[in-house]
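# Examination of the molecular architecture
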Amino acid sequence: CEIRLNADLDFLGVENVMPIGLQSEELIEFKGTFNGNGHTIRNLQIINPNGVSGMFANLGGIIKNLRLENCDFEGNICGALTAQSMVNAVVLNCDLDARTTGETHGTVAGKFFGYIFNCVVTGEQIVGELHTGWVEQCYYKNEGEYILADGEEERIDAETAKSNLNANLSRSSA
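On a predicted model such as this, the values are computed, not experimentally measured, just so you know.

### Things to note about the pattern of salt bridges
Taken as a whole and assessed by the stated rule, the structure comprises five salt bridges. Note that Arg4 and Glu2 form a salt bridge whose closest N and O atoms lie 3.4 Å from each other. On the basis of relative accessible area, Arg4 is assigned to the partly exposed category, the value being 28%. One salt bridge connects Arg67 with Asp95, and the closest N-O pair in it is separated by 3.9 Å. Of this pair, Arg67 sits in strand E10 (residues 67-79) while Asp95 sits in strand E13 (residues 95-101), placing them 28 residues apart in sequence.

Below you can see the structure in the form of structure tokens.
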């Protein structure tokens, strides 16, 4: 299945949002595609200090073409897009302005088994624990600069990082 955003979403004033796929304490894997279609989710807060926190509890599919703006996530295992993932999960072309807090946390994911490509994040780290797979062509913001996440010392300014990402975030119709 594919879920496609057709408009921006603003969660300002919405409380008690739970991760998609969290049912009681069971984590149900999302196996489809979540296509943000170049749209933005703003002001989303998912606070679950003793459990998992993220838009998705457990990603087994794809998240792409999504922007998060001014979002907060707190959980034992915590990532803005997914708390954790299954093998071969994919995140691509995402622009994430999100804060994550927890024992194992990263701006994209807390625990990740998969591939993250062409993302720009503000936050301390992209992934809390990367078990298999890789992170490629992703930048994280550090003191006003965007630094390539693959360990190289490539640094670019914020405008260049956002421009590179925005070229890939085009909206599709339908």
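After that view of the structure, there is still more to cover.
### Some details on the nonpolar core
It is characteristic of soluble globular proteins that their nonpolar side chains tend to be buried jointly. Counting residues in hydrophobic clusters, the biggest one holds 33 residues, and the most contacted among them are Leu66, Leu68, Leu81, Val91 and Ile116. Where this core is concerned, the elements lending two or more residues are strand E8 (56-59), E10, strand E12 (89-92), E13, strand E15 (109-117) and strand E17 (127-136). Of the residues forming this core, the biggest block, four residues, is contributed by E10. The contacts of Ile116, once residues within four sequence positions are left out, are Val91, Val108, Ile126, Val127, Trp134, Val135, Glu136 and Cys138. By size, the runner-up hydrophobic cluster in this structure holds five residues, among which are Leu22, Ala57, Ile77 and Ala83.

### Overview of the side chain of Gln84
Assignment of secondary structure puts Gln84 in strand E11 (residues 82-85). When sequence neighbours within four positions are dropped, the list of residues in contact with Gln84 reads Leu27, Ala57, Asn58, Leu59, Ile77 and Lys111.

### Description of the packing of aromatic side chains
The geometry of an aromatic ring pair is captured by two quantities: the separation of the ring centres and the angle between the planes. Within the structure shown, the criterion is met by three aromatic pairs. On the numbers, 5.7 Å between centres and 75 degrees between planes, the contact of Phe34 with Phe56 is edge-to-face. Taken together, the residues span a long stretch of sequence, with Phe34 in strand E5 (residues 33-35) and Phe56 in strand E8 at a distance of 22 residues. The exposure classification of Phe34 matches that of Phe56, with both residues buried. When the centroid spacing of 4.4 Å and the interplanar angle of 65 degrees are considered together, the rings of Tyr115 and Trp134 count as edge-to-face. Of this pair, Tyr115 sits in strand E15 while Trp134 sits in strand E17; the two residues are 19 residues apart in sequence, bridging distant segments of the chain. Every member of this aromatic cluster is reached through a ring pair, and the members are Phe30, Phe34 and Phe56.

### What to know about the environment of Ile3
By the element assignment, Ile3 lies in strand E1 (residues 2-4). Owing to a relative accessible area of 36%, Ile3 belongs among the partly exposed residues under this scheme. Placed 34 residues apart in sequence, Ile3 and Asn37 show a C-alpha to C-alpha distance of 9.7 Å. Ignoring anything within four residues of it in the chain, the contact list for Ile3 reads Phe30, Thr33, Phe34 and Asn35.

The rules behind each value
Residues numbered from 1 in each chain as written. Predicted model: local features only at pLDDT ≥ 70, side-chain atom pairs only at ≥ 80, totals over all residues. Heavy atoms only, no water. Salt bridge = Lys/Arg side-chain N within 4 Å of Asp/Glu carboxyl O. Buried < 20%, exposed > 50% of the residue type's maximum accessible area, 1.4 Å probe, protein only. Helix = DSSP H or I, 4+ residues; strand = E, 2+ residues; numbered from the N terminus. Core = buried A, V, L, I, M, F, W, Y, C linked by side-chain atoms within 4.5 Å. Contact = heavy atoms within 4.5 Å. Phe/Tyr/Trp six-rings, centres within 6.5 Å; stacked < 30°, edge-to-face > 60°.

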